[in-house]
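# Descriptive structure summary
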Amino acid sequence: LFMPSVERFDLGTRIDRHVIELVFDWMESHPDEAQTISSCSINLTAATMQDHGFTDYLRGRLTKSSFPASKIIFEITETSAVTNLGHAQTMIAELRRLGCRFSLDDFGSGFCSFQYLQNLDVDVFKIDGSFVRDLQTSVLSKSVIRAITDIAGVLNKVTVAEQCESDYQLAI
């Protein structure tokens, strides 16, 4: 219910920036705990992926922060990335130069065109949880996961399986 309202009232960029401020404020006020964190994932809305001012905002925020950009992983969806692929590529490249990393969230549930993967420089493919949930009962889910992990291997990317909650799922 929340995200459709965010999109309807065009609040995605404001909320994303607010979340980023909350994350950095907490990390900066808890430096001992922040040092133990290997990575912190922050979802970005499609609106932020189209926001031409976001890179400048983040650059400014990172220069004020003691929390390293290399520990930030921005999670984007396939849909938000391919809406304007050229701008997404530029934004990802600029934020990667700042030290940030990227994860393609809910991978396999969107447009899933493997063609754009060659040009979308993300670090992680986060496999949609619906495939992981159905591993025990669906041959298709196993095949999709196998295909995604094979492609990730060829592209030298990491895969993460959402909703992996059993030993059986983990073993697969």
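Note that the structure is predicted; figures quoted are calculated from it, not measured.

## Concerning the state of the cysteines
Taken as a whole and judged by the stated rule, the model has 0 disulfides. Unpaired in terms of disulfides, Cys 40 finds its nearest cysteine sulfur in Cys 100, a separation of 11 Å. Since its relative accessible area comes to 2%, Cys 100 is described here as buried.

## A few points about unusual backbone geometry
Of note, Asp 10 is a non-glycine position whose phi angle comes to about 55°, a positive value. Examined against the element boundaries, Asp 10 turns out to sit in the loop between α1 (2–8) and α2 (12–29). One non-glycine residue, Asn 156, lies in the positive phi region at around 60°. You can see Asn 156 is positioned in the loop between α9 (139–154) and β5 (158–161).

## Some details on the layout of surface pockets
In this model, the largest pocket occupies a volume close to 260 Å³. In terms of lining residues, the largest pocket is bounded by 14 residues, among which Met 3, Leu 44, Thr 45, Ala 46 and Thr 77 are the most central. Contributing elements (two or more residues each) for the lining of the largest pocket: α1, α2, β1 (40–43) and β2 (72–77). The residue inventory of the lining of the largest pocket, partitioned by class, reads 6 nonpolar, 4 polar and 4 charged.

## A closer look at the pairing of strand β3 (residues 101–107)
With 5 of 7 residues buried, β3 is to be regarded as a mostly interior element. Where β2 and β3 come together, 5 bridges link them in parallel fashion. Bridge pairing in β3 places Glu 75 opposite Ser 103. Strand direction decides the pairing type here: β3 and strand β4 (residues 124–127), joined by 3 bridges, are parallel. Note that in β4 the partner of Phe 107 across the bridge is Ile 127.

## A word on the packing of aromatic side chains
Under the defined criterion, the tally for this structure stands at 4 aromatic pairs. Ring centres of Phe 54 and Phe 74 lie 6.1 Å apart, and the angle between their planes is 80°; this geometry places the pair in the edge-to-face category. On the criterion of sequence distance, the pair formed by Phe 54 in helix α5 (residues 54–63) and Phe 74 in strand β2 is long-range, its members being 20 residues apart. You'll find Phe 54 and Phe 74 in the same group, each marked buried. A centroid spacing of 5.8 Å and a plane angle of 45° characterise the contact between Phe 74 and Phe 102, whose relative ring orientation is tilted. Of this pair, Phe 74 sits in strand β2 while Phe 102 sits in strand β3, and the two are 28 residues apart along the sequence. Note on accessibility: Phe 74 and Phe 102 belong to one class, buried. Among the aromatic residues, ring-to-ring pairing joins Phe 54, Tyr 57, Phe 74 and Phe 102 into one connected group.

Calculation criteria
- Residues numbered from 1 in each chain as written.
- Predicted model: local features only at pLDDT ≥ 70, side-chain atom pairs only at ≥ 80, totals over all residues.
- Heavy atoms only, no water.
- Disulfide = S-S within 2.5 Å.
- Buried < 20%, exposed > 50% of the residue type's maximum accessible area, 1.4 Å probe, protein only.
- Helix = DSSP H or I, 4+ residues; strand = E, 2+ residues; numbered from the N terminus.
- 1 Å grid on protein atoms, 1.4 Å probe; cavity = no way out; pocket = protein on both sides within 12 Å on 5 of 7 lines; lining within 4 Å.
- Points joined across faces, edges and corners; volume = space filled by probe spheres on them.
- Nonpolar A, V, L, I, M, F, W, Y, C, P; charged D, E, K, R; others polar.
- Pairing = 2+ DSSP bridges.
- Phe/Tyr/Trp six-rings, centres within 6.5 Å; stacked < 30°, edge-to-face > 60°.

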